[in-house]
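Summary of structural features
So the chains spell out like this:
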Amino acid sequence: MSQAPDVQILADHSALLAIPAFAPAILVVAVVIWVARRDRRLGDEEDEDATPSGPSAGPDQDGTP
Amino acid sequence: MTVQSLQPNVSFLAQGTEGGGAALNEVIGLSVASVVVGAALLWIGYQHRMRKITWLHDLGEWAGRKFNRPSWVALPIALFITTIITALFGFIWDVSLHIGKGRDPGPLANPAHYFILFGLFILFVAGCLACVLPYEKPGPSAVRITRHWYAPVGGILMAGCGLYALIGFPLDDVWHRIFGQDVTLWGPTHLMLIGGAGFSTLTALFLEHEGRRAVGEEKPKDGPGIKFIQYLAFGGIVIGLSVYQIEFDFGVMQFRQVFEPMLIAAAGAFALVSARIMLGRGAAVVAAILAVALRGLVALIVGPVLGAPINWFALYLGAAVVVELIALTPLIKKPLLFGLVGGIGVATLGLWLESFWIDAVYRYSWPTSIWPEALAMAVPVAGLVGVCGAMVGMVLTNQKLPSRAIGIGVVALAVIAIAGATANGLRYDVPQNATASFTMTPAPSIGDQKMATADIRINPPDLISEDPNWVSVLGWQGGLANQRGIFVDHLEKVGPGHYRSTAPMPVSGQWKTLLRVHDGRMMTAVPIYLHGDPGIGAPEVPADAQMTRPFVSEITILQRERSTDIPQSLWLIGCLIVLVGTLMMIAGLTWGAGRLNKNEPTESKAESEPTARV
């Protein structure tokens, strides 16, 4: 009778219970990847700016984003 | 179990919402909680990197002074040790509860889940902490995240292992929705959960190595506390790589027995060879002893203290002695060869020594007939995994690895050997048209548990060879109050195809009781008593006084919850996704080891760069 929803509910809860654990982890990783990509993009743009006027700006050189 | 009876748990879970406990409320509540947790982590990380808060830095520095390591090693490793032991405890407890009670009757009915969830989440946080803490470039191998932010390889890998394990949770849910609740440890998503945590022990060693290298030669000599932690790390690797054997440790393995020696040999070869190379004479034995102490403590708490089914564990002491003895020869000067010979030694002599312990305490001992196939699987796997362990040892002692191609090639060969052995191990036969005739004799009840002994005739009588892996009656999921919910009886052979109980088996209540036969490639079972399970629409299978039942595949009995009407292709896709994830993790660890080895200490411009911005 109501057996099928029972199994569904059990499965639901294992995932629900885990949301506070895995969701922040994915969020953190997403933000870090976004930050890293943005930094590289900004770095590339600065490189393009710098190239005509002098020595190329390496990735390790100072440059405030 | 009905839907109604779950409601109190449901509303409690939602923390604050009452009565109906609608799923939507819970989703909202938990999603809000997760956003708050995630935002808090990001905020702390951002504030720290912008140098707007100092407490995290100060805490790290304090831990660093205590442990004689940089802050970005000391604090994360302290957190790691705490969390991985928490997760280990939760994991063993969880498995034992499932064996004793079956699938979870409700979300809060299994407290072990909290330990696992918390443990894996903090594992991820510990990895992130190692990445966020350093203001200056943490050593020459560090990975650039931004121009002012470099993260240690060990920290990135630790966070990666944690993330891999955590992703196992939602995937596990999807998996169970599609395939039903398979009560086995070796469900693909379960392998993600335990594999991520197991391999993270290696990342802690990588991180410690980076820290050791960063403090340089002028650092004061490591005290006994640091040495202990290093030994403990290898004990952790022994345990971490032993997670796949847990079903065997409880005596409810659902896969062929030849897996057990192979898994022990692989874990032992990797951990003990690398321990001996990094920490010198006696390290393999000390690592094995620490692993025994930790597993023993957890087993003691879970079994005798908490009343869940008892579990044993491989000792690895024989394997450790073998590795130590081989290390006394000049082979130790050639690490790769030492790894190969050590691995083979573990898979032969080490396993033989281990078999005495297995035969003495495990519910299922190793029959003589297991050895040819067991050695054929264990020797190539342990030999190659031993070489991988040797390469880890070389990385941790700053010895130059062989060329990139050889290093990656060995790891790839090891993976192929494991895959080949696993494919062989997963092959089993179910006999066609074989039956078992039972004559059940009632025995005195234990409480409200009906008990019975059986006289069993197997047809055809020559179905089982002289030296089978097992002919036994297994009862499980009977409830912790009833003999911890597990019962194993090895049947006495009275004649050709004729067997008899040596102890009364449970045939009522929540038990699933079955006759199991494993003989070489044959793995099969006959249900004796299975409780009615309306939750999955399965009727009771009663234990009649006289009955003749066919041999069937064990999975249909042990994993009655599993849906069988799902197309094979979907199953394959699911397995492939998990396989890809696992290979990515191994590739990541290999990459990390190579990167650590490639960058011998050199000056770097960024090292003197104090500014830090996200």
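Relative placement of two packed helices is described by the angle separating their axes and the distance separating the axes. Residue and element names in this part refer to chain B. Closest axis-to-axis distance for the helix 5 (residues 112–132)/helix 6 (residues 153–179) pair is 7 Å, and the angle between their directions is 150°. When the interaxial angle is binned, helix 5 and helix 6 end up roughly antiparallel. Judged by the twist between their axes, the crossing of helix 5 over helix 6 is left-handed. Residues Ile116, Leu117, Leu120, Phe121, Leu123, Phe124, Ala126, Gly127, Cys128, Ala130 and Cys131 of helix 5 touch helix 6, and the partners they reach there are Gly155, Ile156, Met158, Ala159, Gly162, Leu163, Ala165, Leu166 and Phe169. Taken together, the residues of the contact of helix 5 with helix 6 sort by class into 17 nonpolar, 3 polar and no charged.

A separate point is the confidence of the model for chain B. Residue and element names in this part refer to chain B. In the predicted model, chain B carries a mean pLDDT of 87, and the fraction of residues at 70 or more is 90%. Confidence over residues 1–22 falls short of pLDDT 50; this stretch has 31 contacts with residues more than four positions distant or in other chains. Low pLDDT, under 50, characterises residues 601–614; the stretch is placed with 40 contacts to residues that sit more than four places away or in other chains. The ipTM value of the predicted complex is 0.74, and its pTM value is 0.87.

All names here are of chain B. Strands sit in the order 6-5-10-11 across an open sheet of 4 strands; the sheet is antiparallel. Each end of this open sheet is capped by a strand with a single partner; those strands are strand 6 (486–490) and strand 11 (522–530). Neighbour-to-neighbour, the strand axes of the sheet open up by a mean angle of 20°, direction not taken into account. Bridge count between strand 5 (residues 470–476) and strand 10 (residues 512–519): 7 bridges; the pairing is antiparallel. Bridge pairing links Val473 to Leu515 in strand 10.

Criteria and cut-off values
- Residues numbered from 1 in each chain as written.
- Chains lettered and ligands numbered in written order.
- Predicted model: local features only at pLDDT ≥ 70, side-chain atom pairs only at ≥ 80, totals over all residues.
- Heavy atoms only, no water.
- Axes fitted to C-alpha atoms, helices over the stretch in contact; angles between N-to-C directions.
- Helix = DSSP H or I, 4+ residues; strand = E, 2+ residues; numbered from the N terminus.
- Parallel < 35°, antiparallel > 145°, perpendicular 65-115°, else oblique.
- Left-handed = near helix turned anticlockwise from the far one by under 90°.
- Contact = heavy atoms within 4.5 Å.
- Nonpolar A, V, L, I, M, F, W, Y, C, P; charged D, E, K, R; others polar.
- pLDDT = per-residue confidence, 0-100.
- Pairing = 2+ DSSP bridges.

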